[in-house]
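# Breakdown of the fold
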Amino acid sequence: MVTLKLHELGAKYGAELMVEGISTPEIRGGEMTAVIGPNAAGKSTLFKRVAGLLKGPGTVVLEGARSEAREAIRYMPQDTSANAVLTVYESILLAAKQGAGWRVHDHELVEIDRILQALQITDLAFRNLGELSGGQRQLVSIAQALVRDPQVLLMDEPTSALDLYRQVEVLNFMQALARRKGMLVLIALHDLNHALRYCTNTIVLASGRMVAAGPSAEVITPDLMREIYRVEARIESCSRGEPHIIIDRAAA
Ligand SMILES: Nc1ncnc2c1ncn2[C@@H]1O[C@H](COP(=O)(O)OP(=O)(O)OP(=O)(O)O)[C@@H](O)[C@H]1O
């Protein structure tokens, strides 16, 4: 099983340390781990550091992977701005072949079809990226990330532009995929109900520091929401016995 552990990790923009001292418990493959925190907490910065796109102190300890970290870890950025010249299919094919030579094999085309189907975007295959809606572009970004069959996937707010049906579909699909493939999925989220429902564990960032990490239901509490998000909230059991967050007001 693939596992990831961050030890005293920091990330720099130029000389400035934006994220520092992040030491996590072991994060396991086969499940999703939420990374939460307010705007500018450092979620994207941490992901870029883990993916090797930013420099900084500390270490990323990856164990049980089939390949080295550079190949095993894939970052799906929050910004899904697109090169308008390519079709959806071409962009996914390009993502599949990135750094891997240009010969295209039948099984790769089959895999692209499978991913397009799973994300229910087969009908977009030959549309230009530039003419897609924000939500459609986000689904294409997910397809681009999945086509490389990563062992560790860092998804930066992957559902922020999706309608309710797509949010549920994508999160269910990712949860099942993580289980089936043993993939380790770190997912930055603003909807804490999604973290409670889909993510076994949650890591909380604030001002570039880790303030909590552990089972989602233990970490996401009214106290945490008051301190970190500055809202008064309740967590109540619904008629099915599942916890739901109800935001009452901004904290005084
Ligand atoms: N390229 C950059 N150069 C300098 N500072 C940056 C750069 N990108 C981000 N930052 C700063 O790093 C800090 C953390 O930003 P980051 O994007 O990691 O936050 P985030 O938790 O992902 O926020 P959000 O929820 O708003 O997406 C912010 O203060 C931001 O201004």
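Starting afresh in each chain, residues are numbered from 1 along the sequence in its written order. Per-residue local features are limited, in this predicted model, to residues with pLDDT of at least 70; the limit for side-chain atom pairs, both in listing and counting, is 80 or more; totals at the level of whole chains, interfaces and linings are taken over all residues.

### Focus: the overall build of the chain
- When helices and strands are tallied, the chain shows 9 helices and 13 strands.
- On C-alpha atoms alone, the chain measures out to a radius of gyration of 18 Å, which is about the 18 Å that the 2.2 N^0.38 rule sets for 252 residues. In DSSP terms, a helix is any run of H or I states spanning at least four residues, a strand is any run of E spanning at least two, and both are numbered starting from the N terminus. Our radius of gyration looks at C-alpha atoms and nothing else; its globule reference is 2.2 Å times the residue count to the power 0.38.

### Quick look at the sheet that holds strand S10 (residues 201-206)
- Spatial strand order, S7-S8-S9-S5-S10-S11: 6 strands in an open sheet with mixed pairing. Sheet topology places strand S7 (73-76) and strand S11 (209-215) at the edges, where each strand pairs with a single neighbour. Each strand of the sheet is rotated relative to its neighbour by a mean of 15°, with strand direction disregarded. By definition, two strands form a pair when at least two bridges between them are found by DSSP. Fitted lines through C-alpha atoms give the axes, limited to the stretch in contact for helices. The angle between two N-to-C directions lies from 0 to 180 degrees.

### A look at the domain arrangement of the chain
- The assigned domain composition of the chain is domain 1 (3-220) and domain 2 (221-252).
- The straight-line distance from the C-alpha centre of domain 1 to that of domain 2 is 26 Å.
- By the convention adopted here, residues make contact when the C-beta atoms placed from their backbones lie within 7 Å. Counting residues at the interface gives 12 residues for domain 1 and 7 residues for domain 2.
- Looking at the side of domain 1 that touches domain 2, the elements that each hand over two or more residues are helix H7 (192-198), S10, S11 and helix H8 (216-219).
- Examining the composition of the side of domain 1 that touches domain 2, we find that 3 residues originate from one element, H7, more than from any other.
- Classes in brief: Ala, Val, Leu, Ile, Met, Phe, Trp, Tyr, Cys and Pro nonpolar; Asp, Glu, Lys and Arg charged; the others, Gly included, polar. For the side of domain 1 that touches domain 2, the per-class residue count stands at 10 nonpolar, 2 polar and no charged. An automatic or database domain assignment is the source of the domain bounds shown.

### Some words on helix H4 (residues 106-118)
- With 13 residues, H4 should reach 18 Å at 1.5 Å per residue; the first-to-last C-alpha distance of 18 Å fits that figure.
- Along its buried surface, H4 packs onto helix H3 (88-97) and helix H5 (134-146).
- Positive phi appears at Gln 120, one or two residues downstream of H4, with a value of about 55°. Here a helix's expected span is defined as the number of its residues, less one, multiplied by 1.5 Å.

### A word on the sheet that holds strand S1 (residues 3-7)
- Ordered by their spatial adjacency, 3 strands build an open sheet running S4-S1-S6, and the pairing between neighbours is antiparallel. Each end of this open sheet is capped by a strand with a single partner; those strands are strand S4 (27-28) and strand S6 (59-63).
- Pairing analysis gives 2 bridges linking S1 to S4, with the strands arranged antiparallel. Across the sheet, residue Thr 3 finds its bridge partner in S4, namely Arg 28.

### A closer look at the site of the ligand
- In the vicinity of the ligand, the contacting residues are Tyr 13, Met 18, Gly 37, Asn 39, Ala 40, Ala 41, Gly 42, Lys 43, Ser 44, Thr 45 and Gln 78.
- Of all the elements, helix H1 (residues 43-50) adds the most residues to the shell around the ligand, at 3 residues.
- Looking at the shell around the ligand residue by residue, the class counts come to 4 nonpolar, 6 polar and 1 charged. By convention here, the C-beta atom is placed from the backbone, and a residue is near a molecule or strand when that atom is within 6 Å of it.

### A look at the pairing of S11
- Inspection of the sheet shows S10 paired to S11 by 6 bridges, in the antiparallel sense. Its bridge partner being in S11, Asn 201 is matched across the sheet by Pro 215.
- The hairpin turn running from S10 into S11, its antiparallel successor, is 2 residues long, and Ser 207 in that turn takes a positive phi close to 50°.

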